[in-house]
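Reading the structure
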Amino acid sequence: MGLAASSGPVVDLERARQQLEAERARVQGLANELRTRLGQLEGEADAQPNVFDPADNASDTLQRTGDLSILETLQTELEEIDAALGRVADGTYGIDEVTGEPIDPARLDAVPT
C-alpha cells in the first residue's frame, strides 16, 4: 500500500507576515535609536572645544565605528525582512529558492528570513 505524496509542511503565511512585520518594527526601532545616538555624538563632538586628546579621539572613533557597523547589520536585516515579506506577498515564502522544496516551518520560526 503506497503513501500519498505530500507537498511537505504547510506554512501559515498570515502568521509569518505578522512575525516578520513585528521583527521589522523591532529592527527599525533599533536602527532609529542608533541613528539618533550617532547624531547626538556628532553634535557633542561639534560642541567640544578644540582640545585634542588622542585617547578621547580614539575612543570616540572606536565607538562610532562600532555603531556604524551595527547600523549596517541592521540595514541588512531590514533588507532580508523586506525580501521575506515580498515572498509572503507573492506566495513563495517557505519554499527553498534553490531546490523548490518546502522549508520546515520550525526552521522558518528559527530563521524567518
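Residues numbered from 1 in each chain as written. Predicted model: local features only at pLDDT ≥ 70, side-chain atom pairs only at ≥ 80, totals over all residues. Heavy atoms only, no water.

**With respect to the side chain of Asp-67**
Relative to the helices and strands, Asp-67 resides in helix H2 (residues 54–90). Judged by relative accessible area, Asp-67 falls into the buried class, the value being 2%. Polar contacts involving the side chain of Asp-67 include one to the side chain of Arg-37, which spans 2.5 Å. Setting aside its immediate chain neighbours within four residues, Asp-67 contacts Leu-34, Arg-37, Leu-38 and Leu-41. (Helix = DSSP H or I, 4+ residues; strand = E, 2+ residues; numbered from the N terminus. Buried < 20%, exposed > 50% of the residue type's maximum accessible area, 1.4 Å probe, protein only. Polar contact = N/O pair within 3.5 Å; in protein donor to acceptor, adjacent residues only side chain to side chain. Contact = heavy atoms within 4.5 Å.)

**Side note on the confidence of the model for the protein**
Chain-level pLDDT for the protein is 84 on average; 79% of the residues reach the 70-or-more range. Within the protein, the element-level pLDDT minimum falls on helix H1 (residues 13–47), averaging 88, and the maximum on helix H3 (residues 105–110), averaging 91. Segment residues 1–6 is flagged for pLDDT under 50; beyond a separation of four residues in sequence, or across chains, it makes zero contacts in the model. (pLDDT = per-residue confidence, 0-100.)

**Side note on the side chain of Arg-87**
Note that Arg-87 resides in helix H2. On the basis of relative accessibility, which here comes to 17%, the residue Arg-87 falls in the buried class. One polar contact links the side chain of Arg-87 to the main-chain carbonyl oxygen of Thr-113, over a distance of 3.0 Å. Excluding residues within four positions of it along the chain, Arg-87 makes contact with Thr-92, Tyr-93, Glu-97 and Thr-113.

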